[in-house]
Amino acid sequence: MLKIGNFTFNSRLLLGTGKYPDFETQKKAVDVSETDILTFTVRRMNIFEPQQPDLLQQLDTGRYTLLPNTAGAENAEEAVRHAKLAKASGLCDMIKVEVIGCKKTLLPDPVETLKATEMLLEEGFTVLPYTSDDVVLAKRLEEMGAHAVMPGASPIGSGQGILNPHQLDLIIEQAEVPVIVDAGIGSPGDAAAAMELGADGVLLNTAVSAADDPVKMAEAMKLAIQAGRLGYEAGRIPKKRYAAASSPMEGMSRT
Amino acid sequence: MNVKINGEWHEIPDHLADVRTLLSHFQLDNRVVIVELNDTILEKSEHADSQVHEGDQMELVQFVGGG
């Protein structure tokens, strides 16, 4: 069970809803992923196109907890405004703080992220900040009251996997709130590795939506996250320099 | 009357005098639409009582896919 603030979830996969080839594929991918949490973002609508597809209606969102993000915000004030817009839908209390500080790398702005987190906590939101893998920053966010911290594995949408497992390991080790590895996951192996490190969950989007077969990849990610978590709970063996035989050395039959 | 919606000025019929009627006119009443009227974000329950006036600025936003 994954507990974030007052919410409890069965699945440890948080799935993004961007960039799928079509709604039908997205619907199937979301379904087989068995995720409980879907991320969204808030954008202006075209008022002259009432028939434009409505993502919320397509996805039977009653089954899911919605996690809107503040993507596009360039400072704390914009992030707070986006969060309030999302909350006014009456559909969600959680918010993923995402304040980007660099257009090229899409890396989060640590100062504005910290500020936005503080402001949103004061407003009563359940706050999940997307942050870099900075160990001290993660601690500062937690001390401020963030309900989870979400360090990136590598830049958003890059699929580079976990660039610095040591940093994530330290963040996980010190954290008293859930750590969700967010951004940069490329393959099921990456997701499993994050879970084996002891992450409480993984948030991914492009790795599924832009896969050759998003539905199959959604299932692969689900299984990878389950396997990684089980492996973490089971406790892996320490690495040794030399071999250690699995079969008994005694009783060998020789002619 | 002239109302600025999502950054652009639109001439809308004068009888669209409150947010709910305006959304209904644009056939948006069955969708999840979040409305900000002159820098005030409205709960859905406030739509019917929120008057729309000449020169008002509105933001109409929705949830779209994102990660």
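Structure: above.
Residues numbered from 1 in each chain as written. Chains lettered and ligands numbered in written order. Predicted model: local features only at pLDDT ≥ 70, side-chain atom pairs only at ≥ 80, totals over all residues. Heavy atoms only, no water.

Turning our attention to the interface of chain B and chain A. Across the contact, 26 residues belong to chain B and 34 residues belong to chain A. Summed over both sides, the interface between chain B and chain A buries roughly 2600 Å², with carbon and sulfur atoms accounting for 61% of that surface. In this structure, R44(A) and E59(B) form a salt bridge, with 2.8 Å as the shortest nitrogen-oxygen distance. Linking chain B to chain A there are eleven residue pairs in polar contact (both at pLDDT 80 or more). Of all the elements in the fold, those that place two or more residues in the side of chain B that touches chain A are β3 (34-37), β4 (40-42) and β5 (57-65) of chain B. Sort the elements by how many residues they give to the side of chain B that touches chain A and β5(B) lands first, with seven residues. Here the side of chain B that touches chain A is composed, by residue class, of twelve nonpolar, nine polar and five charged. The pairing of strand β4 (residues 37-44) of chain A with β5(B) spans five bridges and is classified as antiparallel. The partner of T41(A) across the bridge, within β5(B), is V64(B). (Contact = heavy atoms within 4.5 Å. Buried area = accessible area lost by both parts, 1.4 Å probe. Salt bridge = Lys/Arg side-chain N within 4 Å of Asp/Glu carboxyl O. Polar contact = N/O pair within 3.5 Å; in protein donor to acceptor, adjacent residues only side chain to side chain. Helix = DSSP H or I, 4+ residues; strand = E, 2+ residues; numbered from the N terminus. Nonpolar A, V, L, I, M, F, W, Y, C, P; charged D, E, K, R; others polar. Pairing = 2+ DSSP bridges.)

None of the figures reported here should be taken as evidence of function without further support.
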